[in-house]
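Analysis of the macromolecular model
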Amino acid sequence: MPDMAQDDNDIAALARMIERSRRAVVFTGAGISTESGIPDFRSPGGIWTQMAPIYFDDFLASDAARRETWRRRFAMEGSFCAAAPNRGHRAVDALVRRGKVSAVITQNIDGLHQASGIPGEQVIELHGNTTYATCLDCGDRYEIEDLRIAFERDGLAPRCKRCNGFVKTATVSFGQAMPQEAMRRAEIETRAADLFIVLGSSLVVYPAAGFPELAKHTGANLVIVNREPTGLDRLADMVLHEAIGDAMGAAVGIN
């Protein structure tokens, strides 16, 4: 049986750490979004264990790869559209609004932090965002629903109306370079933090997973909330193997 008294003590300790912090950073992975029904791509049974990922070079080189990439994306649209911010997202939003959290660094691509109310400029998306698309050449933005309608009509991978470049979701694909500006901002925020809270990341995907290590090495308290153990639990000042919504909601005081 779980030790409920210990759980309460851990939540109270987390609440105290948050209260004492002057500049916290939250780092989120798939675990916070699975509580909203977004599939975890990398975990056992996840999408990448069921089908091979399409690498960026293949997307550029092959029309068939581009069409398959878009077919998969449109097949996932129901999951993304049905998802709404959960208690964990709302707790993070509350901390941003209270001035406790300066930035949210996320590995997620679903836009749920922005949907919870966090200003876009305070969300640093390390792996991009799948809720819209851009031209790889000129950068023009395209909405997913418009692209889906055209794809279902003619079966062609979308091309840019302005320059005829390839259009791709605004995500970082396998083999694609990490976004330099997002990485730069994440490093700045991490170095400035006195509290670094990891929510729902297995901390195995680098270079993103290097930020919690950097935070600890530069003097921040490190908290990890994840259902399963992570490779950095040994470095953390506090580890909670609990549901993120329950733990953060209770610590922050929101339902």
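Preceding block: the structure.
My aim in this report is to walk through the structure given alongside it, one point at a time. (Residues numbered from 1 in each chain as written. Predicted model: local features only at pLDDT ≥ 70, side-chain atom pairs only at ≥ 80, totals over all residues. Heavy atoms only, no water.)

**A short note on the overall build of the protein chain**
The criterion, for reference: A helix here means a DSSP run of H or I that spans at least four residues, while a strand means a run of E at least two residues long, and both kinds are numbered starting from the N terminus. A simple rule labels every residue: compare its accessible area, found with a 1.4 Å probe on the protein chains alone, to the largest value its type can have, and call it buried under 20%, exposed over 50%, or partly exposed in between. The Shrake-Rupley method, run with a 1.4 Å probe, gives the accessible areas here. Residue values count only the displayed protein chains as cover. For this count, His and the chain ends are skipped, Lys and Arg are scored as positive, and Asp and Glu as negative. Charge coordinates come from a single atom per side chain, which is NZ of Lys, CZ of Arg, CG of Asp or CD of Glu.
Assigned secondary structure in the protein chain consists of 12 helices and nine strands. The dimensions of the protein chain, computed from C-alpha atoms along their principal axes, are 60 × 40 × 30 Å. The buried share of the protein chain, reckoned over its 255 residues, is 51%. Element-wise, carbon and sulfur atoms account for 50% of the exposed surface of the protein chain, whose accessible area totals about 12300 Å². The average position of the 28 basic charges and that of the 33 acidic charges among the side chains of the protein chain differ by 4 Å.

**Considering the nonpolar core**
We count it as follows: To define a nonpolar core, start from buried Ala, Val, Leu, Ile, Met, Phe, Trp, Tyr and Cys residues and group those joined through side-chain atoms within 4.5 Å. Only heavy atoms enter the contact rule, under which two residues are in contact if any of them lie within 4.5 Å.
By size, the foremost hydrophobic cluster in this structure holds 30 residues, and its most contacted members are Leu 14, Ile 18, Ile 197, Leu 199, Val 223 and Met 248. At the level of secondary structure, the elements contributing two or more residues to this core comprise helix H1 (4-20), strand S1 (24-28), helix H7 (87-97), strand S2 (101-106), strand S7 (195-199), strand S8 (221-225), strand S9 (238-240) and helix H12 (244-252). When sequence neighbours within four positions are dropped, the list of residues in contact with Val 223 reads Leu 14, Met 17, Leu 195, Phe 196, Ile 197, Val 198 and Met 238. Of all hydrophobic cores here, the second largest spans 24 residues; its members include Leu 126, Phe 196, Ala 208 and Leu 214.

**With respect to the sheet that holds strand S4 (residues 128-135)**
Counted only if it meets this: Two strands pair if DSSP finds at least two bridges between them. Axis definition: a line fit to C-alpha positions, over the contact stretch in the case of helices; interaxial angles, taken between N-to-C directions, run 0 to 180 degrees.
The strand order across the open sheet formed by three strands is S5-S4-S6, and the pairing between neighbours is antiparallel. A strand with exactly one partner marks an edge of an open sheet, and here the two such strands are strand S5 (141-143) and strand S6 (167-171). Ignoring strand direction, the axes of neighbouring strands in this sheet form an average angle of 45°. Pairing analysis gives three bridges linking S4 to S5, with the strands arranged antiparallel. Its bridge partner lying in S5, Tyr 132 is registered against Glu 143. Packed onto the sheet, helix H5 (residues 63-75) meets S4 and S6 and runs at close to 55° relative to S6. With respect to the sheet, helix H9 (residues 144-154) is in contact with S4, S5 and S6, its orientation differing from that of S5 by roughly 70°.

**Section: H7**
Our working definition: Counting of polar contacts relies on pairs of N or O atoms within 3.5 Å, with two restrictions inside protein: one atom must be capable of donating a hydrogen and the other of accepting it, and residues adjacent in sequence are counted only when both atoms are side-chain atoms.
Burial within H7 is extensive, with eight of its 11 residues counted as buried. For H7, every residue scored as buried is listed here: Gly 88, His 89, Ala 91, Val 92, Asp 93, Ala 94, Leu 95 and Val 96. You can read the cap of H7 off the contacts: a side-chain oxygen lies 2.7 Å from the backbone nitrogen of Gly 88, and it is on Asn 86. Residue Gly 99 follows H7 closely and has a positive phi angle near 80°.

**Here's the deal with the layout of surface pockets**
What counts, and what does not: Here a cavity is any set of points on a 1 Å grid over the protein atoms alone where a 1.4 Å probe fits but cannot get out, and a pocket is any open set with protein on both sides within 12 Å along at least 5 of 7 lines; a residue lines the site when it has an atom within 4 Å of a point. Grid points are joined across faces, edges and corners, and a volume is the space filled by probe spheres set on the points. Classification used: nonpolar for Ala, Val, Leu, Ile, Met, Phe, Trp, Tyr, Cys and Pro, charged for Asp, Glu, Lys and Arg, polar for all others including Gly.
If you add up the space inside the second largest pocket, you get close to 270 Å³. The wall of the second largest pocket is formed by 16 residues, among which Gly 128, Asn 129, Tyr 132, Ala 170 and Thr 171 lie closest to the centre. A per-class count over the lining of the second largest pocket returns seven nonpolar, six polar and three charged.

**Let's talk about the pattern of salt bridges**
Stated precisely, the cut-off is as follows: Definition used for salt bridges: Asp or Glu carboxyl oxygen within 4 Å of a side-chain nitrogen of Lys or Arg.
Enumeration over the complete set of coordinates arrives at 16 salt bridges. In this structure, Arg 73 engages Glu 77 in a salt bridge whose closest nitrogen and oxygen atoms are separated by 2.7 Å. Overall, Arg 73 belongs to the buried group, its relative accessible area being 8%. A relative accessible area of 13% means that Glu 77 is categorised as buried. Of the charged contacts in the structure, one is a salt bridge between Lys 216 and Asp 237, with a shortest N-O distance of 2.9 Å. With a gap of 21 residues between them, Lys 216 in helix H11 (residues 210-217) and Asp 237 in the loop between S8 and S9 connect regions that are remote in the sequence.

**Quick look at the packing of H7 against H12**
Cut-off, in case you're wondering: It is the rotation of the near helix from the far one that decides the hand of a crossing: anticlockwise by less than a right angle makes it left-handed, clockwise makes it right-handed.
Between H7 and H12, whose axes approach to 7 Å, the crossing angle comes to 35°. At the point where H7 passes H12, the crossing takes the left-handed sense. Counted together, Arg 87, Gly 88, Ala 91, Ala 94 and Leu 95 of H7 and Ile 244, Gly 245, Asp 246, Met 248, Gly 249, Ala 250 and Val 252 of H12 form the full contact between these two elements. A class-by-class count of the residues in the contact of H7 with H12 yields seven nonpolar, three polar and two charged.

**Digging into unusual backbone geometry**
Only a minority of non-glycine residues have a phi that is not negative, and only a minority of peptide bonds are not trans. A cis amide bond links Tyr 206 to the next residue, Pro 207, at an omega of 10°. Within the secondary structure layout, Pro 207 lies in the loop between S7 and H11. One non-glycine residue with positive phi stands out, namely Asn 164, at about 70°.

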